[in-house]
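Below are the chains, spelled out letter by letter.
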Amino acid sequence: MGILINKSDFIGDYELVKSNYDNIDAFISKYETEILMKLLGSDLLILFKADLVGQVPQTQIYIDLYDAFVRKVSCNTIESKGMKDMCLSYVFFFYSRKQRNKASMNGPVTNETEVSVQSNPMFLKSYYNNAIRSFKSIQYVCLSDSESYPTFAGINENPTKTSSLISSCVIVSNDAKNCFPCFSLAIQSLSRLNIADS
């Protein structure tokens, strides 16, 4: 059993190949913890986990992060599909990517099929992108409400350059610099996340 997800949650868009269904627990254990640690930081994650009852938070400040939301922020909109969906997308991405390959004496090899054609692995990027979109939106909420989340110490998951963080922020905008509050928050988040140009 994971922090927010279980293998029984992998249905619908997240349905798994039944022959490999049993090994999903190892992926949940590794990747769910990884993304939640990056999302909130160690201290806030401990507080968040302590508030869970049946894998659902009970206190409003944690419910605000856990539930799906769409918010208008100055001149932009941010969206999260919720922490559970974010974790499902992230774990499903790494699980599915790993299933395409297997270890052999000659190194990693691609699994072959006899009666069907393998799909293009690029479909997996939509799962990763969905996870990161929610990830950034949740972090935006933490950054913009430091009174409610003083122990927030999450790290940036995707862009590593200042310019990419400002342009994609968690904000759906190509012009964040023209929206002063958005640009200002992006600069604040850079200093809190300790991200430098490379």
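Residues numbered from 1 in each chain as written. Predicted model: local features only at pLDDT ≥ 70, side-chain atom pairs only at ≥ 80, totals over all residues. Heavy atoms only, no water.

Undergrad: Explain the overall build of the chain to me, using residue names and the numbers behind them.
TA: On a plain count of helices and strands, the chain comes out with 7 helices and 6 strands. In sequence order, the secondary structure elements of the chain are arranged as α-α-β-β-α-β-β-α-β-β-α-α-α. Long-range pairs, those at least 24 residues apart, make up 67% of the contacts in the chain with a sequence separation of at least 6. Accessible area for the chain stands at about 10900 Å²; split by element, carbon and sulfur atoms hold 53% of it. (Helix = DSSP H or I, 4+ residues; strand = E, 2+ residues; numbered from the N terminus. Contact = heavy atoms within 4.5 Å. Areas by Shrake-Rupley, 256 points an atom, 1.4 Å probe, with all protein chains shown as cover.)

Undergrad: Report on the packing of aromatic side chains, specifying residues and quantitative values.
TA: Enumeration according to the criterion identifies 12 aromatic pairs in this entry. Consider the rings of Phe48 and Tyr62, whose centres lie 5.8 Å apart with planes at 80°: the pair is edge-to-face. Highlighted residues: Phe48 in helix H2 (residues 42-50) and Tyr62 in helix H3 (residues 60-66), separated in sequence by 14 residues. Three or more aromatic residues joined by ring pairs make a cluster, and in this case those are Phe27, Tyr31, Tyr90, Phe93, Phe94, Tyr95 and Tyr128. It is Arg71 that lies over the ring of Phe69; its NZ or CZ is 4.5 Å from the centre. (Phe/Tyr/Trp six-rings, centres within 6.5 Å; stacked < 30°, edge-to-face > 60°. Lys NZ or Arg CZ within 6 Å of the ring centre and 35° of its normal.)

Undergrad: Before we move on, could you go through the nonpolar core and cite the residues and values that matter?
TA: With 47 residues, the main nonpolar core has Leu4, Phe10, Leu36, Leu40, Phe48, Met83 and Met86 as its most contacted residues. Listed by contribution, the elements that provide at least two residues to this core are helix H1 (24-40), H2, H3, strand E3 (69-73), helix H4 (83-99) and helix H5 (124-144). Once residues lying within four places of it in the same chain are set aside, the contact partners of Leu4 are Asp9, Glu32, Leu36, Phe48, Leu52, Gln55, Tyr66, Met83, Lys84 and Cys87. (Core = buried A, V, L, I, M, F, W, Y, C linked by side-chain atoms within 4.5 Å. Buried < 20%, exposed > 50% of the residue type's maximum accessible area, 1.4 Å probe, protein only.)

Undergrad: Lay out the packing of H4 against H5 with the relevant residues and their values.
TA: How two helices pack is summed up by the angle between their axes together with the distance between the axes. At their nearest, the axes of H4 and H5 sit 8 Å apart, and the two run at 145° to each other. The interaxial crossing formed by H4 with H5 has left-handed handedness. Two secondary-structure elements touch here, H4 through Met83, Met86, Ser89, Tyr90, Phe92, Phe93, Ser96 and Arg97 and H5 through Leu124, Tyr127, Tyr128, Asn130, Ala131, Ser134, Phe135 and Ile138. Taken together, the residues that form the contact of H4 with H5 break down as 11 nonpolar, 4 polar and 1 charged. (Axes fitted to C-alpha atoms, helices over the stretch in contact; angles between N-to-C directions. Left-handed = near helix turned anticlockwise from the far one by under 90°. Nonpolar A, V, L, I, M, F, W, Y, C, P; charged D, E, K, R; others polar.)

Undergrad: Any details on the environment of Phe152? Residues and values, ideally.
TA: Locating Phe152 in the fold gives a position in the loop between H5 and helix H6 (162-168). Taking the C-alpha atoms as reference, Phe152 lies 6.6 Å from Cys142; in sequence the two are 10 residues apart.

Undergrad: For the pairing of strand E4 (residues 76-80), give the residues involved together with the corresponding values.
TA: Here E4 shows a clear split, with Asn76, Ile78 and Ser80 buried on one side and none of Thr77 and Glu79 buried on the other. Where E3 meets E4, 5 bridges bridge the pair, whose relative direction is antiparallel. Of the residues in E4, the one forming a bridge with Lys72 is Thr77. The antiparallel pairing of E3 with E4 creates a hairpin that spans 2 residues between the two strands, and Ser74 there sits at a positive phi of about 50°. (Pairing = 2+ DSSP bridges.)

Undergrad: Summarise the environment of Ser80; cite the residues concerned and give the values.
TA: With respect to the element layout, Ser80 can be found in strand E4. The spatial distance from the C-alpha of Ser80 to the C-alpha of Tyr66 is 9.0 Å, given a sequence separation of 14 residues. Beyond its immediate stretch of four places on either side in the chain, Ser80 contacts Asp67, Ala68, Phe69, Ser134, Ser137 and Ile138. A polar side-chain atom of Ser80 sits 3.0 Å from the main-chain amide nitrogen of Gly82. (Polar contact = N/O pair within 3.5 Å; in protein donor to acceptor, adjacent residues only side chain to side chain.)

Undergrad: Break down H4 for me, citing the residues and quoting the values.
TA: Look at H4: 24 Å from first C-alpha to last across 17 residues, which is about the 24 Å you get at 1.5 Å a residue. Within H4, 13 of the 17 residues are buried, which leaves the element mostly enclosed by the surrounding structure. (Expected span 1.5 Å × (residues − 1).)

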